[in-house]
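Fold and contact review
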Amino acid sequence: MNYDTLVIGAGAAGMMCAAHAGGRVLIVDHARAPGEKIRISGGGRCNFTNMYCDAEAFISENPHFAKSALARYTQWDFIALVDQHGIAWHEKTLGQLFCDTSAKDITAMLRTLMQDAGVDLHLQTEISHFARSPDGFKATLIRDGHTQHVTAKRAVIATGGKSIPKMGATGFAYDIARQFGHRVTELEAALVPFTFPDRRFAAISGVACPARISANGPAFDEALLFTHRGLSGPAVLQASSYWNAGEAITITLNPDTDFATLLREKRQSDGKKALTTELARHLPARLVDHLSTEFDLSGRLGDISDTRISEITQMLSAWRLTPGGTEGYRTAEVTRGGIDTATLDSKTMQSKTTPGLFFIGEAVDVTGWLGGYNFQWAWSSAMAAARAL
Ligand code: FDA
């Protein structure tokens, strides 16, 4: 079979690209259904974009690379598409837009767009061979034990990153990139919980509080959640994308509270009160118990010195912890790193060395923050390629 465009990977980026590519398009995926990550995303409601999306919310060896694609197909363009398809949505927090009903609405929209464009969709299809051919590219596909040879003038690799192998994630895009001489940057699980081998937070598992957390990058003000195995919650997931093994993270507990001023005032007005009782008015009581055993917070407010107040404030506003690791690709929402952007054209996502070969979506070294940014990159990079096909 001959096609104009072969898209490999029917996830967010692949479907968006196939639907807008034009000409004869085949999209293949080894999964049983397209867009499986869309289906489970955002707790089943798909945080499909972010109103405040801009290049600063993305991590890459080249922080400028994403700008062109994001500017040429913006969050407002995707919102307009969602509106055209009558999908109701709402802002949850921090510009994060979710479907009112179900993430399946987004997958259904992309399937409709592909159907309307006459795209062939082959599921449960393995790609056993992919190479250059005189007219473009040739691929050997295996489906139901049957082998099929296809050729296409252009090929788009949209097989995503390595997170959640159980759902079919593979390193296929990186293998193809290397096959065609592209460098792949260091890959790490990102948007992922931290683990501590001593399980030091097991006793306060389930406790959550507002926090500001940083790890070798910007600080994120969101919820912190203590778990059996370590730390999770949005602030932790965000910081994890900047973390390197062996490094400490810094946590400010309840960043809206000025503990130094508070403790000095309470020492005057409420000296007989236990320090832990006052702290428990601003932090979860179980967390205060835990901190008390770790840092000795015994005694009454009236008895604590200025030096001790400084020490306590320092501990609450710059708590340094060194995670043993992360939960890894098993639970990571994304992969940090990917196909080196230096060898891709930022306007089209086309390989600079192999004309006709495109890489889009999470496989590329562009990793978004939590909050709809990764889907926006999938839509924007897909449209950049689709417009050049
Ligand atoms: P994606 O992973 O979507 O698609 C890749 C496709 O390629 C898959 O269909 C896969 O089966 C296929 N494939 C892989 N290897 C193959 C092979 N060898 N042969 C054939 N096919 C192959 N982001 C966000 O912005 N908002 C959110 O709410 C969430 N929520 C979320 C929750 C969870 C649990 C996860 C794991 C991730 C998120 N994300 C997210 C991240 C988001 O899902 C992710 O960034 C995008 O799906 C990436 O889109 P791609 O199309 O690049 O890859």
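Everything numeric here is computed off the predicted structure, so don't read it as measured data.

Here is what the cut-offs are and how they apply
- Residues numbered from 1 in each chain as written.
- Predicted model: local features only at pLDDT ≥ 70, side-chain atom pairs only at ≥ 80, totals over all residues.
- Heavy atoms only, no water.
- Helix = DSSP H or I, 4+ residues; strand = E, 2+ residues; numbered from the N terminus.
- Buried < 20%, exposed > 50% of the residue type's maximum accessible area, 1.4 Å probe, protein only.
- Contact = heavy atoms within 4.5 Å.
- Areas by Shrake-Rupley, 256 points an atom, 1.4 Å probe, with all protein chains shown as cover.
- Lys, Arg positive; Asp, Glu negative; His and termini not counted.
- Charge placed at Lys NZ, Arg CZ, Asp CG, Glu CD.
- Pairing = 2+ DSSP bridges.
- Axes fitted to C-alpha atoms, helices over the stretch in contact; angles between N-to-C directions.
- UniProt positions renumbered as here; feature names shortened; annotations may be inferred.
- Salt bridge = Lys/Arg side-chain N within 4 Å of Asp/Glu carboxyl O.
- Near = heavy atom within 4 Å.
- Polar contact = N/O pair within 3.5 Å; in protein donor to acceptor, adjacent residues only side chain to side chain.
- Parallel < 35°, antiparallel > 145°, perpendicular 65-115°, else oblique.
- Left-handed = near helix turned anticlockwise from the far one by under 90°.
- Nonpolar A, V, L, I, M, F, W, Y, C, P; charged D, E, K, R; others polar.
- Phe/Tyr/Trp six-rings, centres within 6.5 Å; stacked < 30°, edge-to-face > 60°.

Topic: the overall build of the protein chain
Broken down by element type, the protein chain carries twelve helices and 21 strands. When each of the 389 residues of the protein chain is scored for burial, the buried share is 54%. Contacts spanning at least 24 positions in sequence make up 71% of the contacts within the protein chain whose residues lie at least 6 apart. In the form shown here, the protein chain has an accessible surface area of approximately 16500 Å², with 49% of it arising from carbon and sulfur atoms. If you average the places of the 38 positive and of the 40 negative side-chain charges in the protein chain, the two averages end up 3 Å apart.

Concerning the sheet that holds strand 3 (residues 47–50)
Reading across the sheet, the three strands line up as 3-6-5 and stay open at both edges, with antiparallel pairing between neighbours. The sheet is open, and its two edges are formed by strand 3 and strand 5 (89–91), each paired on a single side. For this sheet, the mean inter-axis angle between neighbouring strands, taken without regard to orientation, is 30°. Bridging between strand 3 and strand 6 (residues 96–99) involves three bridges; their strand directions are antiparallel. Across the sheet, residue asparagine 50 finds its bridge partner in strand 6, namely glutamine 96. On the sheet, helix 4 (residues 75–84) packs against strand 3, strand 5 and strand 6 and is oriented at approximately 140° with respect to strand 3.

Some words on the UniProt feature "domain: RsdA/BaiN/AoA(So)-like Rossmann fold-like" (unreviewed entry) in the protein chain
On the UniProt side, "domain: RsdA/BaiN/AoA(So)-like Rossmann fold-like" (unreviewed entry) is annotated at positions that read residues 4–387 here. End C-alpha to end C-alpha, residues 4–387 measures 14 Å, and it is 29% helix and 24% strand.

Topic: the pattern of salt bridges
Summed over the entire model, instances satisfying the criterion amount to 14 salt bridges. Of the charged contacts, one joins aspartate 221 and arginine 212 as a salt bridge, the two residues approaching to 2.6 Å between their closest N and O atoms. Assessed through its relative accessible area of 32%, arginine 212 is described here as partly exposed. A salt bridge links arginine 308 to glutamate 311, with the nearest nitrogen and oxygen atoms 2.8 Å apart. Within this pair, arginine 308 and its partner glutamate 311 are both found in helix 11 (residues 306–317), separated by three residues, close to a single helical turn.

Here's the deal with the site of the ligand
Taken together, 30 residues lie near the ligand, and Ala13, Asp29, Thr170, Glu362 and Phe375 sit nearest. At 2.5 Å, a side-chain N or O of aspartate 29 approaches an oxygen atom of the ligand. Backbone polar atom of asparagine 47 to a nitrogen atom of the ligand: 2.9 Å apart, as the coordinates give it. Protein contact buries 92% of the 1000 Å² of open area that the ligand shows by itself.

Some details on the packing of helix 1 (residues 12–21) against helix 5 (residues 104–116)
For the pair helix 1 and helix 5, interaxial distance at closest approach is 8 Å and the crossing angle is 30°. One finds that helix 1 runs roughly parallel with respect to helix 5. Note on packing geometry: the crossing formed by helix 1 with helix 5 is left-handed. Side by side, helix 1 and helix 5 meet where Ala12, Met15, Met16, Ala18, Ala19 and His20 of the first sit next to Thr107, Leu110, Arg111, Leu113 and Met114 of the second. For the contact of helix 1 with helix 5, a count of residues per class yields eight nonpolar, two polar and one charged.

Concerning the packing of helix 1 against helix 12 (residues 373–386)
Running from N to C, helix 1 and helix 12 cross one another at 30°; their axes reach a closest spacing of 8 Å. Classed by the angle they form, the pair helix 1 and helix 12 counts as roughly parallel. Our pair here, helix 1 against helix 12, has a crossing hand that is right-handed. In this structure, helix 1 uses Ala12, Ala13, Met16, Cys17, His20 and Ala21 to contact helix 12, whose residues at the interface are Phe375, Ala378, Trp379, Ala382, Met383, Ala385 and Ala386. Taken together, the residues of the contact of helix 1 with helix 12 break down into twelve nonpolar, one polar and no charged.

What to know about the packing of aromatic side chains
Inspection of every chain in the model, using the stated rule, returns 17 aromatic pairs. Taking the centre distance of 5.2 Å and the plane angle of 70° together, the rings of phenylalanine 194 and tryptophan 243 count as edge-to-face. Linking phenylalanine 194 in strand 12 (residues 194–195) with tryptophan 243 in the loop between helix 7 (234–240) and strand 16 (249–253), this pair joins segments that are 49 residues apart in sequence. There is no split in this pair, since phenylalanine 194 and tryptophan 243 are both buried. Taking 6.4 Å as the distance between ring centres and 40° as the angle between the ring planes, the aromatic pair formed by phenylalanine 226 and tryptophan 319 counts as tilted. One end of the pair, phenylalanine 226, is in strand 14 (residues 220–226); the other, tryptophan 319, is in strand 17 (residues 319–321), with 93 residues separating them in the sequence. Judged by relative accessible area, which is 1%, phenylalanine 226 ranks as buried. Assessed through its relative accessible area of 3%, tryptophan 319 is described here as buried.

Overview of unusual backbone geometry
Positive phi, close to 50°, is recorded for arginine 199, a residue that is not glycine. Along the polypeptide, arginine 199 turns up in the loop between strand 12 and strand 13 (208–214). The residue asparagine 216 is not glycine, and still its phi comes out positive at about 60°. Relative to the assigned elements, asparagine 216 resides in the loop between strand 13 and strand 14.

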